[in-house]
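Understanding the architecture of this molecule
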Amino acid sequence: MERIAREVGTPCFVYSTATLQEHCSRIRSAFAPLLPSICFSVKSCSNLSVLRVLVEAGVGMDVVSGHELRRAMEAGCDPSRCVYAGVGKTDLEIEFALRSGIGLFNVESEQEFDAIAACAERLNIRCHGALRVNPDVDPKTHRYTSTGNRESKFGVDLERAADFIRKVHGNPWCSLRGIHLHIGSPIYSCEPYTQSILKALALIDALCADGIVLDTLDLGGGFGADYETGQSPSAADYASTIVPLLEERVRNGLRVILEPGRSIAANAGVLLVSVVYTKESGDRTFAICDAGMNALLRPSHYDAFHFIWPIDVSAAFVPPSRRAKLEMSGLKLHDIVGPLCETGDFLALERAIPPVNRHDRLAVFTAGAYGMTMASRYNSSALPAEVLVEGDTFRVVRLRECYDDLVAHERVGSERCAAAITEPQG
Ligand code: LLP
């Protein structure tokens, strides 16, 4: 870490190839009895080099935009191994996905189904869909990331789903062959999965009684990552609940899809930042870093906990493990904040860490998922670099942005800006 921080600079995200691979294989072996198609959720970490590692590890991709699909393809993923969700797919994106040969549309509404079917007919390309069903199950997670309750904008509610499927059954252009669930993220217990799977199976059975066979069940993502406490279930824990519910069905021809994002990427990445200044104010001690919510929005946006520790500490401050309660003597409470002009710009508040000084570097753990993909350029901060570690070596897989990157789209001539208004945005 020291070497990376020194040679690449901070802020930067650092990903571990071995951990990415390890997490894929844990999920694959835990769910082996279901022979699932594992589609990595690109929104959690979309760096092309990370995606390439995952493609090589044999997973497909879950995408939610035309550009995510392009990333998946550029990383070498066969589009037939991609599933495409998202509540606002535009006609252009649908057309792009169809032309690319997308494996499955996760359809989020009646209107969207009509748009997909119409586009497919126009292009004379047949496709498959799964209906995203909103099972009205509480995933017991942050309200911003709860997606399976009745009020959410995602999917079609259960009452409407059966009629919807009956109505579009037999459509020659988009054949609706499954149910898609994604009820929230992260989900720290297995029970919401059980509830939503049972509801989905009941729907599948009711339709089967009408002669409509659905052969695909996409369970979405949501498996937790261990941010702090060791409380998050492991892949094996989730599987021990889910596999028994579906094993028999799989033997009878059901195809299961999983869309893990966080559980693969989060603990495969850290964010390195540097302390620019420290200061005391009132009874607080601030460690003001060179990045905050612009690089990692989660603490500020969701009140999320990320373990943070200096990367070069004396032996006295080597934490025994992240799970152990950190009651070392000599720790000091710090507000670890970023440089932006917002009080909400923090990585952690009142956090006990070893005393830090100017130019010390901190590692923010579990930052591989929803870190860089949610980063912003607020206050004209340039996006961080990204680094991929493989064995004893590392390489920069995304350059740190510079001032020219920030203003490139503003410097273009007025003709080009005018042309951009009439050109398709893609
Ligand atoms: N599938 C669908 C349709 C999704 O919407 C998501 C995440 C996933 C799969 C992957 O979920 P995962 O396995 O990563 O939990 N920004 C928030 C998380 C938002 C998740 C959005 N959808 C965060 O930083 O916690």
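Residues numbered from 1 in each chain as written. Predicted model: local features only at pLDDT ≥ 70, side-chain atom pairs only at ≥ 80, totals over all residues. Heavy atoms only, no water.

To continue, consider unusual backbone geometry. For the bond running from Thr-10 to Pro-11, omega is -5°, close enough to zero to count as cis. Examined against the element boundaries, Pro-11 turns out to sit in the loop between helix H1 (2–8) and strand S1 (12–16). Positive phi, normally seen in glycine, also occurs at Asn-124, with a value near 60°. Assignment of secondary structure puts Asn-124 in the loop between helix H6 (110–123) and strand S6 (127–134). The class for Asn-124 is exposed, based on a relative accessible area of 57%. Backbone geometry places Thr-366, a non-glycine residue, at a positive phi of 55°. Looking at the element boundaries, Thr-366 is found in the loop between strand S16 (361–364) and strand S17 (385–390). Relative accessible area serves as the criterion here: at 1%, Thr-366 is assigned to the buried category. (Helix = DSSP H or I, 4+ residues; strand = E, 2+ residues; numbered from the N terminus. Buried < 20%, exposed > 50% of the residue type's maximum accessible area, 1.4 Å probe, protein only.)

Take the nonpolar core next. Counting residues in each nonpolar core, the largest one holds 114 residues, and the members touching the most others are Phe-31, Met-61, Phe-105, Ile-179, Ile-242 and Leu-246. The two domains that each donate at least three residues to this core are domain 1 (17–263) and domain 2 (267–408). Excluding anything up to four places from it in sequence, Met-61 contacts Cys-39, Phe-40, Val-42, Leu-51, Leu-54, Val-55, Ala-72, Cys-77, Arg-81, Cys-82 and Val-83. In this structure, Ala-5, Val-14, Val-270 and Ala-363 belong to the second largest nonpolar core, which totals 11 residues. (Core = buried A, V, L, I, M, F, W, Y, C linked by side-chain atoms within 4.5 Å. Domains from an automatic or database assignment. Contact = heavy atoms within 4.5 Å.)

This paragraph deals with the side chain of Asn-47. Here Asn-47 shows up in the loop between strand S2 (37–41) and helix H3 (48–56). You can call Asn-47 buried: its relative accessible area is 5%. Side chain to side chain, Asn-47 and Glu-386 meet in a polar contact 2.8 Å long. Reaching out from Asn-47, the side chain makes a polar contact with the backbone oxygen of Val-397 at a distance of 3.3 Å. Among all residues touching Asn-47, those that are not within four sequence positions of it are Arg-71, Glu-386, Val-397 and Arg-398. (Polar contact = N/O pair within 3.5 Å; in protein donor to acceptor, adjacent residues only side chain to side chain.)

Under the domain assignment, the protein is made up of domain 1 (17–263) and domain 2 (267–408). At the interface, 24 residues of domain 1 touch 23 residues of domain 2. With both chains or domains summed, domain 1 and domain 2 bury close to 2,000 Å², and 54% of this area falls on carbon and sulfur atoms. Three residues stand out in domain 1 for area buried against domain 2, namely Thr-17, Tyr-227 and Glu-228, and they jointly supply 29% of the buried area on that side. Run the count over domain 1 and domain 2 and you get zero salt bridges. Run the count over domain 1 and domain 2 and you get eight residue pairs in polar contact (both at pLDDT 80 or more). The element contributing the most residues to the side of domain 1 that touches domain 2 is helix H2 (residues 17–30), with four residues. (Buried area = accessible area lost by both parts, 1.4 Å probe. Salt bridge = Lys/Arg side-chain N within 4 Å of Asp/Glu carboxyl O.)

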